[in-house]
Amino acid sequence: MQFMLLFSRQGKLRLQKWYVPLSDKERKKISRDLVQTILARKPKMCSFLEWRDLKIVYKRYASLYFCCAVEDQDNELITLEIIHRYVELLDKYFGSVCELDIIFNFEKAYFILDEFLLGGEAQETSKKNVLKAIEQADLLQELWEPPQGWLSELSLPAST
Amino acid sequence: MPAVSKGDGMRGLAVFISDIRNCKSKEAEIKRINKELANIRSKFKGDKALDGYSKKKYVCKLLFIFLLGHDIDFGHMEAVNLLSSNKYTEKQIGYLFISVLVNSNSELIRLINNAIKNDLSSRNPTFMCLALHCIANVGSREMAEAFAGEIPRILVAGDTMDSVKQSAALCLLRLYKASPDLVLMGEWTSRVVHLLNDQHMGVVTAAISLITCLSSKNPDEFKTCVSLAVSRLSRIVSSASTDLQDYTYYFVPAPWLSCKLLRLLQCYPPPEDGAVKGRLVECLETILNKAQEPPKSKKVQHSNAKNAILFEAISLIIHYDSEPNLLVRACNQLGQFLQHRETNLRYLALESMCTLASSEFSHEAVKTHIETVINALKTERDVSVRQRAADLLYAMCDRSNAKQIVAEMLSYLETADYSIREEMVLKVAILAEKYAVDYSWYVDTILNLIRIAGDYVSEEVWYRVIQIVINRDDVQGYAAKTVFEALQAPACHENMVKVGGYILGEFGNLIAGDPRSSPLVQFNLLHSKFHLCSVPTRALLLSAYIKFINLFPETKATIQEVLRSDSQIRNSDVELQQRAVEYLKLSSIASTDVLATVLEEMPPFPERESSILAKLKKKKGPGAVTVELEDGKERGELNGGGDRGGDAAIAASNASTPSPSADLLGLRSTAPVSGTTPSAGSLLVDVFSEAGPSATSAGVNDDGFLSSAPPTVASEDPAPPLPESDELLNKFVCKNNGVLFENQLLQIGIKSEYRQNLGRMYLFYGNKTSVQFVSFNTTVSCPGELQSQLNVQTKTVEPLVEGGAQVQQVINIECLTDFIDAPLLNIKFRYGGALQNISLKLPVTINKFFQPTEMAAADFFQRWKQLSQPQQEAQKIFKASHGMDTEVLKAKLLGLGTALLENVDPNPENYVCAGVIQTKAQQVGCLLRLEPNAQAQMYRLTLRSSKDTVSQRVCDLLAEQF
């Protein structure tokens, strides 16, 4: 996968993840063009399209569009289900996820994505395992001022 | 505020986001952001040290602002500080910021890499994963340099946690993609392959992406993965939907892993081991069988996951292209999808069937769906699906259904979306030509194409129809009649006028017997379009008019009247004005015979690859090429000697035919063919040479009808070339400088240099005597065919060469197309009253226009195989006439102009070379192999190139060198 974009019906970008090196300018141009192209499509149209030399796979969930750009040999249907699994993960984590959750907790949306996809490839497809990783992190977060002894048990490096 | 805020919500961040959302205008948003930026900046700069929480909050705000699309130029250092925090949440935000806002500041990179290094060696899996995610997200070369050695160790170490392995595998993949040279294969390689056996499905899922990428680049090193992949796949395919627990997705066991396994297998040919292959075929059959089973769930996720595997399995079946039974089953399955209610499936089925159409086993099966596909082209509501249908029709087209498919595509064109018209036009043009059994159908099709979608008909397309009509006399009358009728339409496309002008100018006489299309009617019809056309078309029409004067003397007065009108002869466009003036003059002073010669019918165009195909390939990208290459192969046979050529060929042919009609197409032929007078249509200059100043090129261009032109200098004919001139020529095949000729009076030295299809040669004429040469004159000429192949320009030298002096002459050479003969150099002078007349061959040989091409062994052999038609190869076996010293041989081969390729031929005694001959019309790739046999003192030399004449010529030239 080359990149993933989440954007609203109004064309506002909510999440952008780039797996290939592109300049900031190129990224902006790609997002702008692609968002326009997809918003112009009618609801019943197919979820795939050829765009430049990439295959675009997209799906709309409520007010949000999820859009992935994959390479020629990549499988469109399984990419569609990558999107769905990501939506499931967000949904499970936030509990009936809505666009606002992603706006206000954008950093979480990125963390969850990193657990699920890395370098544009599926890292862990089990919903349980991804959520376990995120919850562990949250657990660490809640103890953000842990006692010293707890730290040494986990053999963390000394604070610098 | 959102309903959920897990962990420690950063209240300040939430407030800021709310503020931004409440902004009523873009200006208000910018104002709020600037206020926040100022606030953050002051906090970062303030005297009071910030605590970790505040730092995290501000860095997160900056990140938010950046993601909104605003520039951020500070905060990197604070983010880097967060990396070394021992609080997970601060570290995490620091890494996120770094991943999104990559900075190329080297000091920062050093600090970041340091922090990553600490986390990687922390043995805390959570921290290690964070660090690996960061490397994978950034993927820069600096990171590859720092960590490409360490990550493989983490990946294969026995005590690494599963989650860390997963991250390490994909992290390494990202680095390998970005900087393959920095990721060195090694002892870890074989252990990575065995991750396919790992108990943890997540580890296998992550590792297989890495293995697939590595395998596609180094198939041999990783080939043990095939049997492992097959057994893993087999276990998944045969498992019950509950066996894999959380890796089962909507009742489909491990769909992602299955797809990736099938994808990995596509890096390899079918397994050679019978047992492995049997097991794999079983898997593929099971997958196909499952497609027929009733769905276990009505959810679209279930069918998508199941069909994702099915499509990947079909891709593998197509990749193997060796199991007719599976191919036909795949085709039938896709046939069912063609009428599925899910648009996505219809789209994918059309796409996948396109590749099936090119397999000999399934081509016929694909064809049975033609009606469905045509229907899709007409009724699908989504243009991307219609596009797929058009692609499939193109792919399934063969002689049996060409007329139907071309007709359907033409009728679709009338309403087709603008976005796909140009491509459709190219496809129709290609199919019409490729499957033309009778050429009247071809002509009809192309003219229809111009009528329906004239704006999208590129030059290549209309050039082509003209080439074919010129080369096939059985269709010329029909073409003239049809184009005449098409021009009757009150509004016709300019491309139609171009084709009409050209064809009537050449073949209007074939329909002139019918009073309805008498010469004058034809002329008036063409001329009625004149004023609506652009300059290039008008120029073409003017050329058609002069051709009319030759074809139909009765139109002469009318046409001269037109040419003489102010709107022509005083046209503000210089090209039009010049044509009008020259054509008018030509028609009034040239005799009928001269006119007939000058304006004779165009000769057939030389064989060339279709430029339409080239254009389609360019448009479509590599995906379409496989089908296209086959087209290329077949085309040669189908149209026999017919001619194909793009404008380049036309331009070249212009040069060969001394006829102003040469201008008809090649509006670019304004470049002079030879001689030094830069003028449109050099021939016209020649014809009028008595009127204008004498052209220095007069002696160069010995066109038959030029005899009326007075010779400029010596009246003696040039002497025939010296008997030894071939031998002298051979001396220069592998070198560019040296003495070409020497006798008691004269020495001729040469220095030359070549770049692409251009060359410059300096000739040095040395007077060896103490007496001056008078009437010293040299000419360079291109006899026969050569004048259309080489464009040679010289300046005259001073007619006096003092005793002991040397004069220099520069010769500019342009290679238009490949050639065999050498230009002739004639030198005449008087020495003590006696005329010296010497002719030599100028050492300009086709190999001078070589560009060396470096390539790897695999490329070389692939190209070698591609050039396997008998006429593409030339071979000679000959006795060594010099020593067989390696260094001398190498120097000669390099001197030839090709690249000498090391480590290509398995036999180190042999030499292989590659190069591309650059001509104006085309590039001709050449491969060479020289096999010395020291014992027998013999060589075998083999040349392969895309052009038979080139292979032969280079072979002949080189064989004389050893």
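Residues numbered from 1 in each chain as written. Chains lettered and ligands numbered in written order. Predicted model: local features only at pLDDT ≥ 70, side-chain atom pairs only at ≥ 80, totals over all residues. Heavy atoms only, no water.

As annotated in an unreviewed UniProt entry, chain B is AP-2 complex subunit alpha from Oncorhynchus kisutch. Within the UniProt record for chain B, the comment given under Subunit (unreviewed entry) is "Adaptor protein complex 2 (AP-2) is a heterotetramer composed of two large adaptins (alpha-type subunit AP2A1 or AP2A2 and beta-type subunit AP2B1), a medium adaptin (mu-type subunit AP2M1) and a small adaptin (sigma-type subunit AP2S1)." (UniProt positions renumbered as here; feature names shortened; annotations may be inferred.)

As recorded in an unreviewed UniProt entry, chain A goes by AP complex subunit sigma and comes from Oncorhynchus kisutch. Among the UniProt annotations of chain A, the heading Function (unreviewed entry) holds the following wording: "Subunit of clathrin-associated adaptor protein complex 1 that plays a role in protein sorting in the late-Golgi/trans-Golgi network (TGN) and/or endosomes. The AP complexes mediate both the recruitment of clathrin to membranes and the recognition of sorting signals within the cytosolic tails of transmembrane cargo molecules."

A.B. asks: How should the overall build of chain B be read in this particular structure?
C.D. replies: On a plain count of helices and strands, chain B comes out with 43 helices and 16 strands. Counting every position in chain B, which comprises 962 residues, the buried fraction comes to 57%. Excluding contacts between residues fewer than 6 apart, the proportion of contacts in chain B whose partners are at least 24 apart in sequence is 68%. Working note: accessible area of chain B is about 40400 Å², and carbon and sulfur atoms make up 51% of it. (Helix = DSSP H or I, 4+ residues; strand = E, 2+ residues; numbered from the N terminus. Buried < 20%, exposed > 50% of the residue type's maximum accessible area, 1.4 Å probe, protein only. Contact = heavy atoms within 4.5 Å. Areas by Shrake-Rupley, 256 points an atom, 1.4 Å probe, with all protein chains shown as cover.)

A.B. asks: Which parts of the structure should I look at to understand the overall build of chain A?
C.D. replies: Looking only at helices and strands, one finds 6 helices and 7 strands in chain A. For chain A, with 160 residues in total, the buried portion stands at 59%. For chain A, contacts bridging at least 24 residues in sequence account for 47% of all contacts bridging at least 6. Approximately 7000 Å² of chain A is accessible, and the part contributed by carbon and sulfur atoms is 52%.

A.B. asks: Teacher, can you tell me more about the interface of chain B and chain A here?
C.D. replies: Each side of the interface is counted separately: chain B has 80 residues, and chain A has 69 residues. Summing both sides of the interface, chain B and chain A together bury roughly 6500 Å²; the carbon and sulfur share of this comes to 56%. Summed over the shared surface of chain B and chain A, the number is 3 salt bridges. With a closest N to O distance of 3.6 Å, B:Lys260 and A:Glu121 form a salt bridge. Our count for the chain B to chain A interface comes out at 27 residue pairs in polar contact (both at pLDDT 80 or more). (Buried area = accessible area lost by both parts, 1.4 Å probe. Salt bridge = Lys/Arg side-chain N within 4 Å of Asp/Glu carboxyl O. Polar contact = N/O pair within 3.5 Å; in protein donor to acceptor, adjacent residues only side chain to side chain.)

A.B. asks: Explanation requested: the pairing of strand S8 (residues 806-815) of chain B in the structure shown.
C.D. replies: Along any regular strand the residues' side chains alternate between the sheet's two faces. All names here are of chain B. Summarising the sheet, strand S5 (residues 758-767) and S8 pair through 9 bridges and their orientation is antiparallel. Across the sheet, the residue bridging to methionine 761 is isoleucine 811, located in S8. For strand S7 (residues 790-794) and S8, the ladder comprises 5 bridges, and the chain directions are antiparallel. Paired with leucine 790 across the two strands is cysteine 815, which belongs to S8. (Pairing = 2+ DSSP bridges.)

A.B. asks: Would you mind going over the sheet that holds S7(B) with me for this structure?
C.D. replies: In a beta sheet, neighbouring strands pair by backbone hydrogen bonds and run either parallel or antiparallel. Residue and element names in this part refer to chain B. Reading across from one edge, S3-S4-S5-S8-S7 is the order of the 5 strands in this open sheet, with antiparallel pairing throughout. Two strands lie at the open edges of the sheet, namely strand S3 (738-742) and S7, each paired on one side alone. This sheet shows a mean twist of 25° between the axes of neighbouring strands, independent of strand direction. Sheet topology note: the strand S4 (residues 746-755)/S5 ladder contains 10 bridges and is antiparallel. Bridging from a neighbouring strand, glycine 749 pairs with phenylalanine 764 of S5. (Axes fitted to C-alpha atoms, helices over the stretch in contact; angles between N-to-C directions.)

A.B. asks: Would you mind showing me how to read the environment of B:Leu431 here?
C.D. replies: Residues and elements named next belong to chain B. Among the secondary structure elements, leucine 431 is positioned in helix H23 (residues 418-434). Spatially, the C-alpha atom of leucine 431 lies 9.3 Å from that of tyrosine 442, the residues being 11 residues apart in sequence. Setting aside residues up to four positions removed in sequence, leucine 431 forms contacts with Tyr394, Cys397, Ile405, Val406, Met409 and Ala436.

A.B. asks: Could you clarify how one ought to interpret helix H10 (residues 162-178) of chain B in this entry?
C.D. replies: Quick reminder: α-helices carry 3.6 residues per turn. Residues three or four places apart thus point the same way. Here H10(B) contains 17 residues, and its C-alpha end-to-end distance of 25 Å stays within 8% of the 24 Å for a straight helix at 1.5 Å per residue. Within H10(B), 13 of the 17 residues are buried, which leaves it mostly tucked inside the rest of the structure. (Expected span 1.5 Å × (residues − 1).)

A.B. asks: It is not clear to me how the confidence of the model for chain B should be interpreted in this structure. Could you clarify?
C.D. replies: Should the pLDDT be low somewhere, the predicted coordinates at that spot are not to be read in detail. Residues and elements named next belong to chain B. Residue-level pLDDT values for chain B average 83, and 88% of them are 70 or greater. Low pLDDT (under 50) marks residues 1-7, which in the prediction has 15 contacts with non-local residues, meaning those over four places away or in another chain. In the model, residues 622-715 has pLDDT below 50 throughout and makes 174 contacts with residues more than four positions away in sequence or in other chains. Across the interface, the model reports ipTM at 0.89; the global pTM reads 0.65. (pLDDT = per-residue confidence, 0-100.)

A.B. asks: Explain the sheet that holds strand S9 (residues 824-831) of chain B to me, please; I cannot follow it from the model alone.
C.D. replies: Residues and elements named next belong to chain B. Spatial ordering of the open sheet is given by S6-S9-S10, a layout of 3 strands whose pairing is antiparallel. Every interior strand has two partners, whereas the edge strands, strand S6 (774-781) and strand S10 (834-841), have only one. Taken pair by pair, the neighbouring strands of this sheet meet at an average axis angle of 10°, ignoring direction. Sheet topology places S9 next to S10; 8 bridges connect them, and they run antiparallel. If you follow lysine 828 over to S10, its bridge partner there is asparagine 837.

A.B. asks: Please explain the environment of B:Arg381 as it appears in this structure.
C.D. replies: With respect to the helices and strands, the residue B:Arg381 is situated in the loop between helix H20 (370-379) and helix H21 (383-396). A relative accessible area of 74% places B:Arg381 in the exposed class. Ignoring anything within four residues of it in the chain, the contact list for B:Arg381 reads A:Met45 and B:Arg386.

A.B. asks: When you look at the pattern of salt bridges in this model, what are you seeing that I'm missing?
C.D. replies: Think of it this way: side chains of opposite charge can pair up when their charged atoms draw near. Evaluated as defined, the whole model comprises 47 salt bridges over all chains. Linking B:Arg191 and B:Glu187 is a salt bridge whose minimum nitrogen-to-oxygen distance equals 3.5 Å. The closest approach of N and O atoms between B:Lys481 and B:Glu485, which form a salt bridge, is 3.7 Å. Of this pair, B:Lys481 and B:Glu485 both sit in helix H26 (residues 476-487), 4 residues apart, which is roughly one turn of that helix. Note on B:Lys481: relative accessible area 43%, which makes it partly exposed. Salt bridges sharing partners connect three or more residues here, namely A:Glu50, B:Arg388, B:Asp391, B:Glu423 and B:Lys427.

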